[in-house]
Structure formats: structure tokens, C-alpha cells
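# Observations on the model geometry
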Amino acid sequence: MSADRGVVVVGASLAGLRGAEALRRGGYAGPLTLVGDEPYQPYDRPPLSKHVLAGELRPDATALPHLVDLDATWRLGQPAVGLDRAARMLRLADGSALPYEKLLIATGARARSWPVTEKTGPLPSGIHTLRSRDDAAALRAALAAGPKRVLIVGAGLIGCEAASCCRDLGLAVTLADPNPTPLARILGSRIGGVIVSCLDTAGVDFRPGTHVDAFEADAAGRVCRARLKQGAAIETDCVIVALGATRDTGWLAEAGLMADEGGLTCDVACRALDADGQPAPGIYAAGDVARTPNPLHVGRLAAFEHWGNAVAQAGHAARNMLAAEDDQQEYRHLPAFWSSQFGINIKGVGLADGADTVAVMQGSRASRRFLAVYGREGRTIAAISFDQARWLPAYAERIEAGVAFPPILGATDQSIKDFGVPDFPQPRSR
Ligand SMILES: Cc1cc2nc3c(=O)[nH]c(=O)nc-3n(C[C@H](O)[C@H](O)[C@H](O)COP(=O)(O)OP(=O)(O)OC[C@H]3O[C@@H](n4cnc5c(N)ncnc54)[C@H](O)[C@@H]3O)c2cc1C
């Protein structure tokens, strides 16, 4: 590697930090620069929708620990705005350019915002998204002010976690989603139905099959109402738009890489691909931004929004950045996530969407304490636990090995009385 150009990491968050640390651990002693558009040192996002919203943790108390002395140059508050691959040069918003020998792209994702067009006009105030530390600080302040009714649009993981926090704070909450249950895209409605019962117990006004169409403002320009496609309205003075995330690849628009809002396409070795599908020399990607072939779904590319993937993929990309061309190793990672909501610790391994069968292997949906396994075409592809993670590592091994569905029979506490179709919604039309 050229001594003066060195390594540049774009995106100073979880994947960027852990990737930089892995480079140093791997013996890289040359120049190292981390570029981040946020003004903060890397911080942890999972607490934002849990402890920070609940007021148990200050937004600025979420800094990620540094596990290695990085001896790096930090360019924080400085977005990368372009990439000249021929000159191996990164362009920053202040007009400066950073030469690199190797580049790690870890720009993650941003919250999908509510669409604003000429027809809709500007959004009223009081409408929030939740991705960054600043978002969490603003939302926490809005919740602490005691809104009359919080409307959460989107019952995915972040929408449900926010609903849970709002109820813990004693706030009235409506949760609206076009699907029949929360978490329908991740777990299917058969398992998502368990969350419906949690919402019910917690006193959340859940509105399935609901499409929010537009927001209305009061005389002061604050949100006061959401209009539904079906014609009705929901009165609200605080809205959380929780519609998922788009990958932060806009700055790569002219770079000639395979990038769009679904991610930056990489090969199995985490090398970014150019428009012809060839690895771009010296450019790697990791974390939420990276869309890679997934060994669990042959022929399918997947970008994850999982903490564990960001750490593992950053380490793997760093390893390959330091390795010779003929020693590029394949990234094989079993997707895994966790969530805590309504007092339940949810953990998942594998990729459930696309499953044709789900079986509850331990516990029961009625008790909200269970482990369920997903199968597709006779193969085990995912497992999910609600407060029942004891067996999860054993299932993870079976999923990685691609064993027949259902795996592990005759284990203690097991009774497979509850199995059926998982009920995933139709894929979104883009
Ligand atoms: C509220 C919330 C709760 C979550 N909870 C969980 C959970 O319970 N369990 C779980 O497994 N996962 C959870 N996640 C997901 C997890 O936090 C992410 O998978 C992880 O943060 C991904 O890390 P990353 O570094 O790839 O991307 P990010 O954390 O998105 O970081 C990317 C960084 O790059 C910066 N950037 C973007 N564009 C540019 C640019 N052009 N120039 C410079 N910098 C740029 C961004 O501002 C950001 O700082 C949660 C995420 C959120 C938002």
C-alpha cells in the first residue's frame, strides 16, 4: 500500500470505527483518515429508540467505546460529496480532496423521510424521524413536553420500539401501518400477531390496514391531524415517521459504482462493484450501506440494518483490504438482530422473509414466550425468539448448515403443535 495515500474510511459510525480498528489490529500502520458528516465521534444507535427516548440515557451518552488506539485523522462534520476513482480521490463538502490508496465506504443509511412535493407543500413542524443522535434528542424533547397523542407511521422495529417507550411514558399513542400486523415484513403476520396482543395490553391504538396520506397543520404551522387514504383522520400533535431507511449512496451518484438507495453492491469479498459488475480497485464497503450476495438466499443480494452485521462485515472488509488480490476471502455471516419492546426481548437469526412455513418449537404465542423457526422449500432459513433465546444458537448452527425443516426434533420443552403459513405481505412496489 502506498505510504502517503493510506486508507480513508467514509462514514464515522459503527462500521467505520470497527473497520478502522480492524485495520490497525491487522497490522496496518500507515495513514488512516475517518470522514463523517455528523459532528460527533462514533456513537451507538440501538439505545436511541429505547433508553434515550425513555429519558434513561442522554443522547450524548451513547458514544461507542474505542477498542484500539487508532492514531487516525478525524474529519467530522464533513460530508463526502464525490469520488474520483481514476485519481483515487475523495471530494469533501468543504472543497478539499483526500487521496486514498484503499477506501472503506461505511456511510450506512438514513431514515426514509415523508415525501415533500410542490403539491404537498412544506411539512408542518412536530414531524420526526429517528436515525441520528440529533433526531433522538429532538424527539425526546418533544415527548418530554407531553404531547396529547403521538402518531407513529410504520410498525416496523423502530416504530414498535417507539410505541413501547411512549406508553412507558404514559403518552397516548396511535400506531398506523398498511399491513395486518406490526413487523409483518420481518416476521410475517402469524408471528407479528403476537405484537398486536402486546399493543393491546399496553393500550396502544393500533390501526392495521391504514395508509396515512397527508398531514395538516394548525395556525402556528404545527401538525394537528393526519389524513388517511380511506378518508378518515387521526388527531395528533406529534408524529414519528418510521418508514424504514434508504442507503446513503447519493454522494456516489457520479462515481460509476453499482449504487442506489437500496445499497452499494459488493461482491462476496466486500469489494464495491463498478457499473460493469467488476470490483472497483481498492474500494470496499461494510455495514448498512453494503449490499452483498447472501449465502442463505442464493442469487439474492441483501443489505442488512443489523448492528452485528456492521461489526462483522467491517472486520471482514478490513481483513481483505490488507490481503493480497489472490487472498480475498468470502464474507459469510448469518444475519442476526435483537429488539426490546413491551418488556419482551426479541432475537432473530437468518432471514425469515420468503419463508413458506413457520413452526413454534418451544413455548407458545399465547404466552408471548416462544421460539419459532421458519422454513422455505423444506430448508430451515430463520429462527426468532420472544424471551426464549436459550435454543437460538443451536438453531443458528442448523440454519447456517442449511438443514431440513423443521430442524432439531425431540428437544426438551418441545411441542410442534403450532405451525402454518407465516403470512408475509406482498413485496413493496418501488
Ligand atoms: C434508532 C435505531 C435503533 C436500532 N436498534 C437496533 C437493534 O436493536 N438491533 C440491531 O441489530 N440493530 C439496530 N439498529 C441498526 C444498527 O444501529 C445499524 O445496523 C448500525 O448503526 C449500522 O452501522 P453503519 O456504521 O453501517 O451505519 P450508520 O450507523 O448509519 O452510520 C453511517 C454514518 O455515515 C455517515 N455518512 C452518511 N453519508 C455520509 C457522507 N456522504 N460523508 C460522510 N459521512 C456520511 C452517517 O451520517 C453516519 O454517521 C438500530 C438503528 C437505529 C437507527
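Residues numbered from 1 in each chain as written. Predicted model: local features only at pLDDT ≥ 70, side-chain atom pairs only at ≥ 80, totals over all residues. Heavy atoms only, no water.

## Remarks on the layout of surface pockets
We count it as follows: A cavity here means a set of 1 Å grid points, computed over protein atoms only, where a 1.4 Å probe fits but cannot escape. A pocket is an open set with protein on both sides within 12 Å along at least 5 of 7 lines, and lining residues have an atom within 4 Å of a point. Grid points are joined across faces, edges and corners, and a volume is the space filled by probe spheres set on the points. To qualify as a helix, a DSSP run of H or I must reach at least 4 residues; to qualify as a strand, a run of E must reach at least 2; elements of each kind are numbered from the N terminus. Each domain's limits were defined by an automated method or a database of domain assignments.
Roughly 220 Å³ of internal volume is contained in the second largest pocket. Forming the walls of the second largest pocket are 14 residues, and the residues nearest its centre are Ser-164, Cys-165, Asp-168, Ser-340 and Gln-341. Mapped by element, the contributors of at least two residues to the lining of the second largest pocket are helix H2 (51-54), helix H4 (157-168) and strand S24 (336-341). At five residues, H4 tops the list of elements feeding residues into the lining of the second largest pocket. Among the domains, domain 1 (7-111 + 246-327) and domain 2 (127-243) are the pair contributing at least three residues each to the lining of the second largest pocket.

## Here's the deal with the nonpolar core
Stated formally: Nonpolar core, defined: a set of buried Ala, Val, Leu, Ile, Met, Phe, Trp, Tyr and Cys residues in which side-chain atoms within 4.5 Å join the residues together. Relative accessibility under 20% of the residue-type maximum defines a buried residue, over 50% an exposed one, and the middle range a partly exposed one, all with a 1.4 Å probe and only protein chains included. Any two residues having at least one pair of non-hydrogen atoms within 4.5 Å are treated as being in contact.
Counting residues in hydrophobic clusters, the biggest one holds 47 residues, and the most contacted among them are Ile-152, Leu-175, Ile-191, Tyr-374, Ile-384 and Phe-386. Here Ile-384 is in contact with Leu-187, Ile-191, Phe-337, Ile-346, Lys-347, Gly-348, Phe-370, Leu-371, Ala-372, Tyr-374 and Leu-392, once residues within four sequence places are set aside.

## Describing the sheet that holds strand S11 (residues 173-176)
Through backbone hydrogen bonds, the strands of a sheet pair up, either in parallel or in antiparallel fashion. The cut-off we apply is this: Each pair of strands is called paired provided DSSP finds at least two bridges between the two strands. To define axes, lines are fitted to C-alpha atoms, for helices over the stretch in contact only, and angles between the resulting N-to-C directions are given on a 0 to 180 degree scale.
Here we have five strands laid out as an open sheet, ordered S9-S16-S10-S11-S12, and parallel in their pairing. Taken across any chain shown, the strands that pair with only one partner, and hence form the sheet edges, are strand S9 (127-128) and strand S12 (205-207). The sheet contact formed by S9 and strand S16 (residues 238-241) spans two bridges and is parallel. Within the sheet, the bridge partner assigned to Ile-127 lies in S16 and is Val-239. Together, S9, strand S10 (150-153) and S16 form the strand contacts of helix H3 (residues 133-144), whose direction differs from that of S16 by roughly 150 degrees.

## Description of the site of the ligand
The line we're drawing: In these notes, residues near a molecule or strand are those with any non-hydrogen atom within 4 Å of it. N or O atoms within 3.5 Å of each other form a polar contact, as long as, within protein, one can give a hydrogen and the other can take it, and as long as residues adjacent in sequence are counted only when both atoms are side-chain atoms. The Shrake-Rupley method, run with a 1.4 Å probe, gives the accessible areas here. Residue values count only the displayed protein chains as cover. Each residue gets one label: Ala, Val, Leu, Ile, Met, Phe, Trp, Tyr, Cys and Pro are nonpolar, Asp, Glu, Lys and Arg are charged, and the others, such as Gly, are polar.
Around the ligand, the surrounding shell holds 32 residues, and the nearest of these are Asp-37, Glu-38, Arg-45, Lys-50 and Arg-131. A distance of 2.8 Å is found between an oxygen atom of the ligand and a side-chain nitrogen or oxygen belonging to Asp-288. For the ligand, whose accessible area on its own is 1000 Å², the fraction buried by protein is 95%. Those elements giving two or more residues to the shell around the ligand turn out to be helix H1 (14-25), strand S2 (32-36), strand S8 (109-111), helix H7 (307-322) and S24. In terms of residue class, the shell around the ligand is made up of 15 nonpolar, eight polar and nine charged.

## Quick look at the domain arrangement of the chain
Our working definition: In short, buried area is how much 1.4 Å probe accessible area vanishes from two parts on joining, totalled over both. Salt bridge criterion: a side-chain nitrogen from Lys or Arg within 4 Å of a carboxyl oxygen from Asp or Glu.
If you check the domain split of the chain, you get domain 1 (7-111 + 246-327), domain 2 (127-243) and domain 3 (343-420). Here domain 2 and domain 3 have C-alpha centroids that lie 29 Å from each other. With 11 residues of domain 2 at the interface, the matching set in domain 3 holds 15 residues. Counting each side, the surface lost to burial between domain 2 and domain 3 is near 1100 Å², with a carbon and sulfur contribution of 64%. In terms of surface lost to domain 3, no three residues of domain 2 exceed Arg-190, Ile-191 and Val-194, which account for 54% of the buried area on that side. At the boundary of domain 2 with domain 3, the tally comes to zero salt bridges. At the junction of domain 2 and domain 3, the tally comes to five residue pairs in polar contact (both at pLDDT 80 or more). Elements supplying a minimum of two residues to the side of domain 2 that touches domain 3: helix H5 (184-187) and helix H6 (189-202).

## Focus: the packing of aromatic side chains
The test is simple: Two aromatic rings from Phe, Tyr or Trp, using only the six-membered ring of Trp, form a pair when their centres are within 6.5 Å; if the ring planes differ by under 30 degrees the pair is stacked, by over 60 it is edge-to-face, and anything between is tilted. The criterion is that NZ of a Lys, or CZ of an Arg, lies within 6 Å of the ring centre and within 35 degrees of the ring normal, and then a charge sits over that ring.
Applying the stated criterion to the full structure yields five aromatic pairs. Ring centres of Tyr-40 and Tyr-43 lie 6.3 Å apart, and the angle between their planes is 75 degrees; this geometry places the pair in the edge-to-face category. Its relative accessible area of 3% is what places Tyr-43 among the buried residues. Above the face of the Tyr-40 ring, Arg-133 is positioned so that its terminal group lies 3.6 Å from the ring centre.

## Details of the UniProt feature "domain: FAD/NAD(P)-binding" (unreviewed entry) in the chain
Formally: UniProt positions are given in the numbering used here, feature names are shortened, and annotations may be inferred rather than shown by experiment.
Residues given the UniProt feature "domain: FAD/NAD(P)-binding" (unreviewed entry) here are residues 7-313. Across residues 7-313, the secondary structure splits into 21% helix and 30% strand, with the terminal C-alpha atoms separated by 17 Å.

## Some details on the environment of Pro-425
Within the secondary structure layout, Pro-425 lies in the segment after strand S29 (414-420). Taking the C-alpha atoms as reference, Pro-425 lies 32 Å from Ala-314; in sequence the two are 111 residues apart.

## What to know about empty space enclosed by the protein
Scanning all chains against the criterion turns up one cavity of 30 Å³ or more. Each pocket or cavity is described by its volume, and for the largest cavity that value is around 50 Å³. Together, Thr-292, Pro-293, Asn-294, Pro-295, Phe-304, Tyr-331, Arg-332 and His-333 line the largest cavity.

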